[in-house]
Amino acid sequence: GVLNLPTEKHSHGLRRLAAIESARGSFETAVEAVQRATGQRLGKRVVQQLAERAAGDFDAFYAQRPRHLRAAGDVLVLSCDGKGIVMRPEGLRATTRKAAATQKLTARLSKGEKRHRKRMAEVGAVYDCAAAPRTAGDILASGEDPPQRAAGPKARSKWLLASVVDDAAEVVAQIFEEAARRDPAGRRRWVALVDGNNHQIDRITTEAARRGVTVAIVVDLIHVLEYLWKAAWCFFTEGDPAAQDWVRGQAIAVLSGRSSRVAAAIRGRATRAGLRPDQRKNADTCAKYLLNKRPYLDYRTALEAGWPISTGVIEGACRHLVNDRMDLTGARWGLHGAEAILRLRALHSNGDFEAYWTYHLAQEKRRTHQARYANGVIPAA
């Protein structure tokens, strides 16, 4: 009990090393790293089990952290997105597993078929940034020796979360909990950045209403630009420099708060050009997107208030937490193994691993030893 020895035969130090190396690279490289450091040869499954055990106190660790306050002028940003992970069949959700069983051929996919082998991991982020007011010209400067542009807001104190077990509603609830921890009195401006996914917007709206907080939802500008570029090729030949000027003009109008006018202008141009339905499809899709997302395209207010308007932080989180580790060639994940690695990578990214490990050891001592002792004495058999 004094030594806090674990119940399994491997020490806490070995478990810690397995957790660090498993989160950093493949289980094969983790096995090699453990052997180099300790001379102990472990199997891949043992390393995976040690990593899973090491991540077991993730939720409890973040739930017990004290609240802290930031400057009232800071913007509090929330963001979420999804990323697919290739799973073993037993790790897929029921609907995906059922769809995978309907594949017509065993050797290859038929036309229009998908492999249905991924399960979506939901990724969340919360961070602080100082307000940085800008103009539309600061975002999209002209190519003619643009003047010095105002710098955008810089993310700091990033907190990341990823889960392949919890659904979007649960992850959104957790990022709201982190936001409430940072701003318990609700004095700061909360901004949610999304890529336009309706389900994510619904979950954020629902959670904000449940907690009674006001959250300004902003759709990522980069996604809007992609729709504008697709619409541009309905009116210009591929590679025409005029398309670039046209897209910039439409984007400036959207940034100035005229997204509805831009949608009407795009549809009107397609009609005047006499384009067939298949030729104007992307133009109509762009116009529909601008109209449907109009409540979340108030970039004029966002720029004046100094809010961020792009989802670069959550996109980077998806790449770092999920792709860089979970998308290794040939990797097929079980549900609990994938969840453990996502949690360990989040701890490292948040800079909380050392504090977490101290907490984890205390919890292990409580579970393994203190819970068994009565007044410091082990009961006789």
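This text goes with the structure placed above it.
Since the model is a prediction, treat every value here as computed from it, not as a measurement.

A closer look at unusual backbone geometry
Part 1 of the argument: In this structure, N4 is a non-glycine residue whose phi angle is positive, near 55°.
Part 2 of the argument: Looking at the secondary structure, you find N4 in the segment before α1 (12-24).
Part 3 of the argument: N4 sits in the buried class, given a relative accessible area of 12%.
Part 4 of the argument: Positive phi, normally seen in glycine, also occurs at S157, with a value near 55°.
Part 5 of the argument: Of note, S157 is situated in strand β3 (residues 156-163).
Part 6 of the argument: By relative accessible area, S157 is classed as partly exposed at 29%.

Brief notes about helix α16 (residues 353-368)
One turn of the α-helix equals 3.6 residues, which is why residues spaced by three or four share an orientation.
Part 1 of the argument: For α16, built from 16 residues, the straight-helix expectation of 22 Å at 1.5 Å per residue is met to within 8% by its first-to-last C-alpha distance of 22 Å.
Part 2 of the argument: For α16, the full list of buried residues reads F353, Y356, W357, Y359, H360, Q363, E364 and T368. Along α16, the residues classed as buried sweep out an arc of 165° about the axis, all on the same side.

A look at the environment of L221
Part 1 of the argument: By secondary structure assignment, the location of L221 is in helix α9 (residues 221-232).
Part 2 of the argument: Exposure remark for L221: the relative accessible area of 5% places this residue in the buried category.
Part 3 of the argument: Linking L221 and K118, residues 103 residues apart in sequence, is a C-alpha distance of 28 Å.
Part 4 of the argument: Setting aside its immediate chain neighbours within four residues, L221 contacts I139, L255, Y299 and I309.

Remarks on the side chain of T311
Part 1 of the argument: Structurally, T311 can be placed in the loop between α13 (299-305) and α14 (312-326).
Part 2 of the argument: With residues up to four places along the chain from it excluded, the contact list for T311 reads S79, L193, V194, D195, D220 and H223.

Observations concerning the sheet that holds strand β1 (residues 74-86)
Part 1 of the argument: Strand order in the open sheet formed by five strands is β3-β2-β1-β4-β5, and the pairing between neighbours is mixed. Taken across any chain shown, the strands that pair with only one partner, and hence form the sheet edges, are β3 and β5 (215-219). The mean angle between the axes of side-by-side strands here comes to 20°, regardless of whether they run parallel or antiparallel.
Part 2 of the argument: Summarising the sheet, β1 and strand β2 (residues 118-130) pair through 13 bridges and their orientation is antiparallel. Paired with G82 across the strands is E122, a residue of β2.

Let's talk about the pattern of salt bridges
Part 1 of the argument: Counted according to the given criterion, the structure contains 25 salt bridges.
Part 2 of the argument: In this structure, E8 engages R53 in a salt bridge whose closest nitrogen and oxygen atoms are separated by 2.9 Å. Here E8 is found in the segment before α1, whereas its partner R53 is found in helix α3 (residues 44-54), with 45 residues between them in sequence.
Part 3 of the argument: Through salt bridges that share partners, E8, R15, R53, D57, E364 and R367 make up one connected network.

Concerning the nonpolar core
Part 1 of the argument: If you look at the biggest cluster of nonpolar residues, it comprises 111 residues, and the most contacted ones within it are V224, L228, L290 and Y299.
Part 2 of the argument: Apart from residues lying up to four places away in sequence, L290 is in contact with V224, L228, V254, S259, V262, A263, I266 and L297.

As for the layout of surface pockets
Part 1 of the argument: Here the largest pocket defines a volume of roughly 350 Å³.
Part 2 of the argument: Lining the largest pocket are 15 residues, and of these F27, K44, Q48, R332 and W333 lie nearest its centre.
Part 3 of the argument: Of all the secondary-structure elements, those providing two or more residues to the lining of the largest pocket are α2 (27-38) and α3.
Part 4 of the argument: Broken down by element, the residue count for the lining of the largest pocket peaks at three residues, all from α3.
Part 5 of the argument: Within the lining of the largest pocket, the residues separate by chemical class into four nonpolar, five polar and six charged.

Some details on the packing of α9 against helix α10 (residues 241-255)
When two helices pack together, you describe them by how their axes are tilted relative to each other and by the distance separating the axes.
Part 1 of the argument: Contact geometry for α9 and α10: axes closest at 10 Å, N-to-C directions at 140°. In terms of orientation, α9 lies oblique with respect to α10. Note that α9 runs across α10; the crossing there is right-handed. Side by side, α9 and α10 meet where L221, V224, L225, L228, W229, A231 and A232 of the first sit next to A243, Q244, W246, V247, Q250, A251, V254 and L255 of the second.
Part 2 of the argument: Here the contact of α9 with α10 is built from residues that sort into 13 nonpolar, two polar and no charged.

Rules behind the numbers
- Along each chain, numbering runs from 1 in the same order as the chain's sequence is written.
- Side-chain atom pairs in this predicted model are given and counted only at pLDDT of 80 or more, local residue features only at pLDDT of at least 70, and totals for whole chains, interfaces and linings cover all residues.
- Side-chain descriptors were evaluated using all non-hydrogen atoms of the structure, hydrogens and water having been removed beforehand.
- A helix here means a DSSP run of H or I that spans at least four residues, while a strand means a run of E at least two residues long, and both kinds are numbered starting from the N terminus.
- Under the scheme applied here, a residue whose accessible area is under 20% of the maximum for its type counts as buried, over 50% as exposed, and between as partly exposed, the area being computed with a 1.4 Å probe on protein chains only.
- For a helix, the expected span equals 1.5 Å multiplied by the residue count minus one.
- Here the arc refers to the directions that run from the helix axis out to each C-beta atom.
- Residue contacts are defined here by distance: any two heavy atoms, one from each residue, within 4.5 Å place the two residues in contact.
- Note on pairing: two strands pair once DSSP finds at least 2 bridges between them.
- Only the stretch in contact is used when a helix axis is fitted, and all axes are lines through C-alpha atoms; the angle between N-to-C directions ranges over 0 to 180 degrees.
- Salt bridge, as applied in this entry: a Lys or Arg side-chain nitrogen positioned within 4 Å of an Asp or Glu carboxyl oxygen.
- We define the nonpolar core as a collection of buried residues of types Ala, Val, Leu, Ile, Met, Phe, Trp, Tyr and Cys that are connected through side-chain atoms lying within 4.5 Å of one another.
- We place a 1 Å grid over just the protein atoms. Points where a 1.4 Å probe fits but has no way out form a cavity, open points with protein on both sides within 12 Å along at least 5 of 7 lines form a pocket, and any residue with an atom within 4 Å of a point lines it.
- Grid points are joined across faces, edges and corners, and a volume is the space filled by probe spheres set on the points.
- In this count, Pro and Cys sit with the nonpolar residues alongside Ala, Val, Leu, Ile, Met, Phe, Trp and Tyr, while Asp, Glu, Lys and Arg are called charged and the others, Gly among them, polar.
- Small angles under 35 degrees read as roughly parallel and large ones over 145 as roughly antiparallel, with 65 to 115 read as roughly perpendicular and the rest as oblique.
- Throughout, a crossing is termed right-handed when the near helix is turned clockwise from the far one, and left-handed when it is turned anticlockwise from it by less than a right angle.

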